[in-house]
Amino acid sequence: AQSVAQPEDQVNVAEGNPLTVKCTYSVSGNPYLFWYVQYPNRGLQFLLKYITGDNLVKGSYGFEAEFNKSQTSFHLKKPSALVSDSALYFCAVRGGGYSTLTFGKGTMLLVSP
Amino acid sequence: DVKVTQSSRYLVKRTGEKVFLECVQDMDHENMFWYRQDPGLGLRLIYFSYDVKMKEKGDIPEGYSVSREKKERFSLILESASTNQTSMYLCASRLPGQGYNEQFFGPGTRLTVL
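Residues numbered from 1 in each chain as written. Chains lettered and ligands numbered in written order. Predicted model: local features only at pLDDT ≥ 70, side-chain atom pairs only at ≥ 80, totals over all residues. Heavy atoms only, no water.

Turning our attention to the pairing of strand β9 (residues 87-94) of chain B. All names here are of chain B. Burial analysis of β9 places eight of its eight residues in the buried class, which makes it a mostly covered element. Here β9 shows two buried faces, one formed by Ser87, Tyr89, Cys91 and Ser93 and the other by Met88, Leu90, Ala92 and Arg94. Bridge analysis of strand β4 (residues 31-38) against β9 gives seven bridges, and the strand direction is antiparallel. Bridge pairing in β9 places Gln37 opposite Met88. Here β9 runs beside strand β10 (residues 104-105); their pairing, made up of two bridges, is antiparallel. Along β10, the bridge assignment pairs Ser93 with Phe104. (Buried < 20%, exposed > 50% of the residue type's maximum accessible area, 1.4 Å probe, protein only. Helix = DSSP H or I, 4+ residues; strand = E, 2+ residues; numbered from the N terminus. Pairing = 2+ DSSP bridges.)

The following block contains the structure:
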């Protein structure tokens, strides 16, 4: 089975501070990892993905994520948070033997002015 | 830009009604997906389709069926709606490949079953 854990239901950060949204995964074989963002009353938007290669992946809106194979993690990061980053963030994984994505439960990011 | 549209943003139905949720994508994607999103549960896959006339069960197919008569359209059907099917339903499409292509999502349909 493949699974994703987002251990924090909510992350609070002040504008201008760095942010991290955590994600750990469990798959057999090499993982494909994704981050999506959902703004209020909207569908999900793709942010970035890790397929292979460089462990640091850069994506949309200044976000990046670091793949750590030994810790089976794929944390989402941004050096300086904006109020407009406030949204629901989902991590997703696809591993060997699976043709579909498994999503985490989501983490609400709240950036205060 | 890829556009995935869903027929309704909000829908209210009664228990026992047959409900159709329509999804259309305009980028000629072979793969299409239906998810439901519930607070604290994230997204769960209901059904998916890798091509016209093809369908596969996802993690929670009970109480649902799907139809894919044309490549651009993927319909989710609730045969007899129940209150526990009150949820946000999200459709997505994707180019085929080795599973590393990202999915593009529609805006969602918030269904309430009374």
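We now examine the state of the cysteines. This structure, assessed with the given rule, holds two disulfides over all chains. With its sulfur 2.0 Å from that of its partner, Cys23 of chain A forms a disulfide with Cys91 of chain A. Disulfide Cys23 of chain A-Cys91 of chain A: torsion about the S-S bond near -60°, hence left-handed. Highlighted residues: Cys23 of chain A in the loop between β3 (19-21) and β4 (24-26) and Cys91 of chain A in strand β10 (residues 87-94), separated in sequence by 68 residues. The partner cysteine of Cys23 of chain B in its disulfide is Cys91 of chain B, sulfur to sulfur 1.9 Å. Between Cys23 of chain B and Cys91 of chain B the sulfur-sulfur dihedral comes to about -75°; the bridge is accordingly left-handed. (Disulfide = S-S within 2.5 Å.)

A separate point is the nonpolar core. With 28 residues, the main nonpolar core has Trp35, Leu47, Leu48, Phe74, Leu76 and Tyr89 of chain A as its most contacted residues. Only β2 (10-14), β3, β5 (32-38), β6 (44-50), β8 (64-68), β9 (73-78), β10 and β12 (107-112) of chain A provide two or more residues apiece to this core. No other element matches β10 of chain A, which puts four residues into this core. Beyond its immediate sequence surroundings of up to four residues, Leu48 of chain A is in contact with Leu33, Phe34, Trp35, Val57, Lys58, Gly59, Phe63, Glu64, Ala65, Phe74 and Leu76 of chain A. Listed in part, the 20 residues of the second largest apolar core include Val19, Tyr47, Leu111 and Val113 of chain B. (Core = buried A, V, L, I, M, F, W, Y, C linked by side-chain atoms within 4.5 Å. Contact = heavy atoms within 4.5 Å.)

Time to look at the environment of Thr52 of chain A. One can find Thr52 of chain A in the loop between β6 and β7 (56-58). For the pair Thr52 of chain A and Phe67 of chain A, spaced 15 residues apart in sequence, the C-alpha to C-alpha distance is 9.5 Å.

Another point: the interface of chain B and chain A. Counting from both sides, the interface comprises 23 residues of chain B and, opposite them, 20 residues of chain A. Of the roughly 1700 Å² buried between chain B and chain A, counting both surfaces, carbon and sulfur atoms make up 54%. When the shortest N-O distance is used, the salt bridge between Lys49 of chain A and Glu102 of chain B registers 2.9 Å. Scanning the region where chain B abuts chain A turns up four residue pairs in polar contact (both at pLDDT 80 or more). Elements represented by at least two residues in the side of chain B that touches chain A include exactly β4, β5 (42-49) and β9 of chain B. At four residues, the largest contribution of residues to the side of chain B that touches chain A is made by β5 of chain B. Residue classes in the side of chain B that touches chain A are distributed as 12 nonpolar, eight polar and three charged. (Buried area = accessible area lost by both parts, 1.4 Å probe. Salt bridge = Lys/Arg side-chain N within 4 Å of Asp/Glu carboxyl O. Polar contact = N/O pair within 3.5 Å; in protein donor to acceptor, adjacent residues only side chain to side chain. Nonpolar A, V, L, I, M, F, W, Y, C, P; charged D, E, K, R; others polar.)

Residue and element names in this part refer to chain B. Spatially, four strands are ordered β1-β3-β8-β7 in an open sheet, and the strand pairing comes out antiparallel. In the strand order of this sheet, the two ends are held by β1 (4-6) and β7 (64-70), each with one partner. The sheet shows a mean angle of 20° between the axes of neighbouring strands, taken without regard to direction. Of the pairings in the sheet, the one linking strand β3 (residues 19-25) to strand β8 (residues 73-78) comprises six bridges and is antiparallel in character. In the strand pairing of β8, Glu22 is matched with Ser75. (Axes fitted to C-alpha atoms, helices over the stretch in contact; angles between N-to-C directions.)

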